[in-house]
Amino acid sequence: MMARKRVAVLISGRGSNMAALIEAAKDKTYPAEIVLVAANRPDAGGLETAKAAGLATAVVDHTKYGKDRAAFDGALQALLEQHRAELVCLAGFMRLLTADFVARWQERMLNIHPALLPSFKGLDTHARALAAGVKLHGATVHFVVPEMDSGPIIAQGAVAVHDDDDEAALSKRVLAVEHRIYPLALKLVAEGRVSVVDGRCRIAGADGPQGAMIVPAE
Ligand code: GRF
């Protein structure tokens, strides 16, 4: 088997997507291993989950860097190098990264967004999806580019929106999809099966999972 890709996961909060990645990587045949979980907030709940799983954790507290985004990103970069990370997964990481940092990790940094991009970039995606009356909603894993919630789409998962959905109910169903598509997307990338052509992801290999997941209406 090829060496597993060394992955750093960056979080800001509870880290349920991080936990899904940790769970997937417990399988020795999974092509990636989590070598670091780092948070920009010392109180990020996911840090405890990561520690309990026996993983290396770190905090780069953005408040210590004031408006100096380059210095914050520099500290992050040093940490990633220290742990010899090869891929970075943003998982509920609520900081914008500098274009320099993003360029360094081009096609090696993934993000998960709780909407079917390019619809509903930004915050409050579930409330906005409900307000718009869309019938399908979901989540997207994409490569990170300097522009927020943009970049080549690796995987998407869709759920039906129910007439009686509120934000809590819808976000819960989408979160369950997030926890399935993030490990899938990371697997595809770690296996070297994802290439970007004209700004779009192509996934090599006729068999096995591709980047689409439609969760049947329950
Ligand atoms: C997820 O919905 C993710 O898509 C969004 O922020 C939330 C983070 O949740 N960007 P968690 O920290 O992974 O539980």
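Details of the structure are given in the entry above.
Rules of the game
Residues numbered from 1 in each chain as written. Predicted model: local features only at pLDDT ≥ 70, side-chain atom pairs only at ≥ 80, totals over all residues. Heavy atoms only, no water. Helix = DSSP H or I, 4+ residues; strand = E, 2+ residues; numbered from the N terminus. Rg over C-alpha atoms; globule rule 2.2 N^0.38 Å. Buried < 20%, exposed > 50% of the residue type's maximum accessible area, 1.4 Å probe, protein only. Areas by Shrake-Rupley, 256 points an atom, 1.4 Å probe, with all protein chains shown as cover. Lys, Arg positive; Asp, Glu negative; His and termini not counted. Charge placed at Lys NZ, Arg CZ, Asp CG, Glu CD. Near = heavy atom within 4 Å. Polar contact = N/O pair within 3.5 Å; in protein donor to acceptor, adjacent residues only side chain to side chain. Nonpolar A, V, L, I, M, F, W, Y, C, P; charged D, E, K, R; others polar. Pairing = 2+ DSSP bridges. Axes fitted to C-alpha atoms, helices over the stretch in contact; angles between N-to-C directions. Parallel < 35°, antiparallel > 145°, perpendicular 65-115°, else oblique. Left-handed = near helix turned anticlockwise from the far one by under 90°. Contact = heavy atoms within 4.5 Å.

Caption draft 1: Region of interest: the overall build of the protein chain. The number of helices and strands found in the protein chain is six helices and 10 strands. Over its C-alpha trace the protein chain gives a radius of gyration of 17 Å, about what one expects of a compact globule, namely 17 Å for 218 residues. Residue burial in the protein chain is summarised as follows: out of 218 residues, 47% are buried. Approximately 10,800 Å² of the protein chain is accessible, and the part contributed by carbon and sulfur atoms is 54%. With 25 positive and 25 negative side-chain charges, the protein chain shows a separation of 4 Å between the mean positions of the two kinds.

Caption draft 2: Representation of the site of the ligand in the model. Around the ligand, the surrounding shell consists of Arg 14, Gly 15, Ser 16, Asn 17, Gly 92, Ile 112, Pro 114 and Glu 178. The contact in question runs from a nitrogen atom of the ligand to an N or O atom on the backbone of Ile 112, over 3.5 Å. Contact distances for the ligand include 2.7 Å between an oxygen atom and a side-chain N or O atom of Glu 178. When the ligand is considered free in solution it has 360 Å² of accessible area, and contact with the protein chains removes 84% of it. Tallied by class, the residues present in the shell around the ligand amount to two nonpolar, four polar and two charged.

Caption draft 3: The environment of Leu 188, seen in detail. Within the secondary structure, Leu 188 is located in helix 6 (residues 167–190). In this structure Leu 188 comes out as buried when scored by relative accessible area, which is 1%. As for Leu 188 and Asp 68, which are separated by 120 residues in sequence, their C-alpha atoms are 35 Å apart.

Caption draft 4: Structural context of the pairing of strand 5 (residues 109–113). Counting buried residues along strand 5, five of its five residues qualify, which places the element largely inside the surrounding structure. Alternating positions in strand 5 separate into two faces, Met 109, Asn 111 and His 113 on one and Leu 110 and Ile 112 on the other, with burial throughout. Sheet analysis places strand 4 (residues 87–90) next to strand 5, joined by three bridges and oriented parallel. For Leu 90, the partnering residue across the bridge sits in strand 5 and is Asn 111. In terms of strand pairing, strand 5 meets strand 6 (residues 136–143) through four bridges, oriented antiparallel. The residue of strand 6 that forms the bridge with Asn 111 is His 142.

Caption draft 5: Here's a closer look at the packing of helix 1 (residues 16–25) against helix 6. It is at 9 Å that the axes of helix 1 and helix 6 come closest, and there the two elements cross at 45°. Between helix 1 and helix 6, the interaxial angle falls into the category oblique. As helix 1 runs across helix 6, the sense of the crossing is right-handed. In this structure, helix 1 contributes Ser 16, Asn 17, Ala 20, Leu 21 and Ala 24 to the contact, and helix 6 contributes Leu 175, Glu 178, His 179, Tyr 182, Pro 183 and Leu 186. Partitioning the contact of helix 1 with helix 6 into residue classes produces seven nonpolar, three polar and one charged.

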